[in-house]
Amino acid sequence: QVQLVESGGGLVQPGGSLRLSCAASGSIFAIYTMGWYRQAPGQQRELGAAITSGGSTNYADSVKGRFTISRDNAKNTVYLQMNSLKPEDTAVYYCYANIRSSGGSLYDYWGQGTQVTVSS
């Protein structure tokens, strides 16, 4: 069994910062790409940022220069530092990870989602 557990969401004023964390646990052999998607009310889920096991990153245009994704491979954890937050960043943020389990299966696993609300 593999599980992703997220933390760090909440309410913040425009211009503020939040840091999301997502830890993977369970029968893990290897973790490849990790990242964060987000879904605003009435909108499709979209990629926010992703990072490979080697540290290469990819960002949505809407968050470039404001969000920073990083990972700690020793802790099987991915982070999303969000600065200069805007009301349009309000969404449920979902962590995902491409993981090969100890049994050999390769899947995309998802966290439960954490709410980020940017409002004054």
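Residues numbered from 1 in each chain as written. Predicted model: local features only at pLDDT ≥ 70, side-chain atom pairs only at ≥ 80, totals over all residues. Heavy atoms only, no water.

S.K.: Give a description of the state of the cysteines that names residues and reports values.
M.R.: Per the counting criterion, the structure on display carries one disulfide. Two residues, Cys-22 and Cys-95, share a disulfide whose sulfurs are 2.0 Å apart. Taking the sign of the S-S torsion, -75 degrees for the link of Cys-22 and Cys-95, the bridge is left-handed. Taken together, the positions of Cys-22 in strand E3 (residues 18-26) and Cys-95 in strand E9 (residues 91-101) put the pair 73 residues apart, joining distant regions of the chain. Relative accessible area serves as the criterion here: at 0%, Cys-95 is assigned to the buried category. (Disulfide = S-S within 2.5 Å. Helix = DSSP H or I, 4+ residues; strand = E, 2+ residues; numbered from the N terminus. Buried < 20%, exposed > 50% of the residue type's maximum accessible area, 1.4 Å probe, protein only.)

S.K.: Can you lay out the sheet that holds strand E8 (residues 77-82) for me, pointing to particular residues and giving the numbers?
M.R.: Reading across the sheet, the four strands line up as E1-E3-E8-E7 and stay open at both edges, with antiparallel pairing between neighbours. Only two strands of the sheet have a single neighbouring strand rather than two, namely strand E1 (2-7) and strand E7 (67-72). Each strand of the sheet is rotated relative to its neighbour by a mean of 15 degrees, with strand direction disregarded. Both E1 and E3 contribute to a ladder of six bridges, which runs antiparallel. Looking across to E3, one finds that Val-5 is bridged to Ala-23. (Pairing = 2+ DSSP bridges. Axes fitted to C-alpha atoms, helices over the stretch in contact; angles between N-to-C directions.)

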